[in-house]
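Residues per chain, in single letters:
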Amino acid sequence: MANDIPGTSRATSFLIDGHWLDRSDAPRCAVVDPATEAVIADIAMGDARDVDLAVAAARRAFATYSETPAADRIALLTRIADLLEERAEAFAQAISTEMGSAIDFARVSQVPAGIAHVRAQIEVLGSYRFLREEAGFALAREPIGVAALITPWNWPLYQITAKVAPALAAGCTVVLKPSELSPFSALLFAEVMQDAGTPPGVFNLVNGAGESVGAALSSHPEVDMVSITGSARAGMLVAQGAAPTIKRVVQELGGKSPNVFLDDADFDTAVGKGVLSAMRNVGQSCSAPTRMVVPAHRLAEVEALAKAAAAAIVVGDPTDTATRMGPIANRAQHDRVQAMIATGMAEGARLVCGGPGRPNGLNRGYYVRPTVFSDVTPAMRIAQEEIFGPVLCIQPYTDEEDAIRIANDTVYGLGAHVQSADLARARAVARRIRAGQVHINYPPWTAHAPFGGYRQSGNGREYGVHGLDEFLETKAMLGY
């Protein structure tokens, strides 16, 4: 039953000004289990009136919350992080159900990474100087005000905490609009916020569509900034809506990230890791390294290694702990991935493995076969457009200059990878790739490294101190 799924008991409620507002009279949106194609529950869809209530609550709360000592904000964030850890299994179950994440992946990646953002802001806040004396003036960093946060369906908790935690650390108050496609983990998060003793109005949640709630937040005169993670189209619409009120807009948008293999890389190890990195979270990560740029003379070797790695991925029921890849999160995205696989075949890319349709034995659910294309040229759509599914494009190059040219030959610039046995050489190539974050030889992830993009991948940065800075204004005081 739906009520047995964590978060669904709040399906028709919004959290505004510290209270759950019953909106069972609002229009509904069906949330579908991508593994079974069955409706989990119907959530209430808010409108501009709900946004007005939430923004007014956030504006009232800002007057006092913005003045709280850093120690009080650290204490609040600590309570939030502790509750997230206590309820980690409920979050994992909700995420697995609402967007099809394999349960083990939800437990070891989706939820812990979300908690890490809260812990990172606690660490940053502990030593951050909001008032600094410079030569001849003082520099104050002050919370910008009411922040509207618009988050996507692919990393539901992770994307929420990456925005909420620095906003609260800065002293801002927030209105969150999570994705209507994966809302239950957000509702669980709202319960955490309430149970952690967040002052009324500091955190507010309104569910709804981008065309209504997102648009109302973007254009609202009492919202001081908008932080959105989503598609390039969504980012454009938010920026357009925000323009008349000249509010700050931070955008983390799409990507088509390269994974550049220099000829001295450890191919036996690194190719398999590259396949898994590209297809992590069923390829539904904006920074996934979905273009593997490799020396042309080693193409056959790379293809064989990639095929073996893809074939070893267990696709199936996300509730099964043996599963490594569940379904695509929703029907629209599943149809998009299938269409792009067909496009790659029509464009003349060589299919190494996978292809259209579901994996064998899976007759329902939004499943996709792990797919690898080779001989992909920069002119092909599959090399230029974000597919957002388990589809890897192998692109051969002639020399190092050609590799860098191919790596930079998209409208995006979010993430990138470089593989080499020579660290100095890898660093030199990394410096020439136009991307906001470059990983050399698959390093450990950290919630402190700034994340964001060049060009159409967005603007601004998230995570760690850089994420905190986005929610602050800078004031210079001369003669202080």
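Peer 1: Can you lay out the sheet that holds strand β17 (residues 415-419) for me, pointing to particular residues and giving the numbers?
Peer 2: Pairing within the open sheet is mixed, and its seven strands lie in the order β14-β15-β16-β13-β12-β17-β18. Whereas interior strands pair on both sides, the edge strands pair on one side only; in this sheet they are β14 (350-353) and β18 (437-440). Within the sheet, the average angular offset between the axes of one strand and its neighbour, ignoring direction, is 25°. Inspection of the sheet shows β14 paired to strand β15 (residues 371-374) by three bridges, in the antiparallel sense. Bridging across to β15, Arg 350 finds its partner in Ser 374. Packing of helix α14 (residues 423-432) onto the sheet brings it into contact with β17 and β18, and relative to β18 it is tilted by some 160°.

Peer 1: Lay out helix α9 (residues 267-279) in plain terms, naming residues and giving numbers.
Peer 2: With 13 residues, α9 should reach 18 Å at 1.5 Å per residue; the first-to-last C-alpha distance of 18 Å fits that figure. Looking at the buried positions of α9, the neighbouring elements they touch are β12 (258-261), β13 (291-295), α10 (299-311), β15, β16 (391-397) and β17.

Peer 1: Could you give an account of the sheet that holds strand β20 (residues 472-478), naming the residues involved and the relevant values?
Peer 2: Hydrogen bonding along the main chain pairs the strands of a sheet, whether they run parallel or antiparallel. The strand order β5-β6-β20 describes an open sheet built from three strands, whose pairing is antiparallel. The sheet is open, and its two borders are formed by β5 (131-134) and β20, each paired with just one other strand. Direction aside, the axes of adjacent strands within the sheet are offset by 25° on average. When β5 meets strand β6 (residues 137-143), the two strands line up antiparallel, connected through four bridges. Bridge pairing links Glu 133 to Ala 138 in β6.

Peer 1: Could you give an account of the environment of Phe 137, with specific residues and numbers?
Peer 2: Looking at where Phe 137 falls in the secondary structure, it is placed in strand β6. Beyond its immediate stretch of four places on either side in the chain, Phe 137 contacts Arg 132, Ala 476, Met 477 and Leu 478.

Peer 1: Explain the packing of helix α3 (residues 88-99) against helix α4 (residues 103-127) to me, and be specific about the residues and the numbers.
Peer 2: The interhelical angle for the contact between α3 and α4, taken along N-to-C directions, is 120°, at an axis separation of 9 Å. Compared by their axis directions, α3 and α4 come out oblique. Of the two elements, α3 crosses α4, and the hand of that crossing is right-handed. Facing Ala 88, Glu 89, Phe 91, Ala 92, Gln 93, Ile 95, Ser 96 and Met 99 of α3, the residues of α4 in contact are Ile 103, Ala 106, Arg 107, Gln 110 and Val 111. Tallied by class, residues from the contact of α3 with α4 come to eight nonpolar, three polar and two charged.

Quick notes on the rules
- Residues numbered from 1 in each chain as written.
- Predicted model: local features only at pLDDT ≥ 70, side-chain atom pairs only at ≥ 80, totals over all residues.
- Heavy atoms only, no water.
- Pairing = 2+ DSSP bridges.
- Helix = DSSP H or I, 4+ residues; strand = E, 2+ residues; numbered from the N terminus.
- Axes fitted to C-alpha atoms, helices over the stretch in contact; angles between N-to-C directions.
- Contact = heavy atoms within 4.5 Å.
- Expected span 1.5 Å × (residues − 1).
- Parallel < 35°, antiparallel > 145°, perpendicular 65-115°, else oblique.
- Left-handed = near helix turned anticlockwise from the far one by under 90°.
- Nonpolar A, V, L, I, M, F, W, Y, C, P; charged D, E, K, R; others polar.

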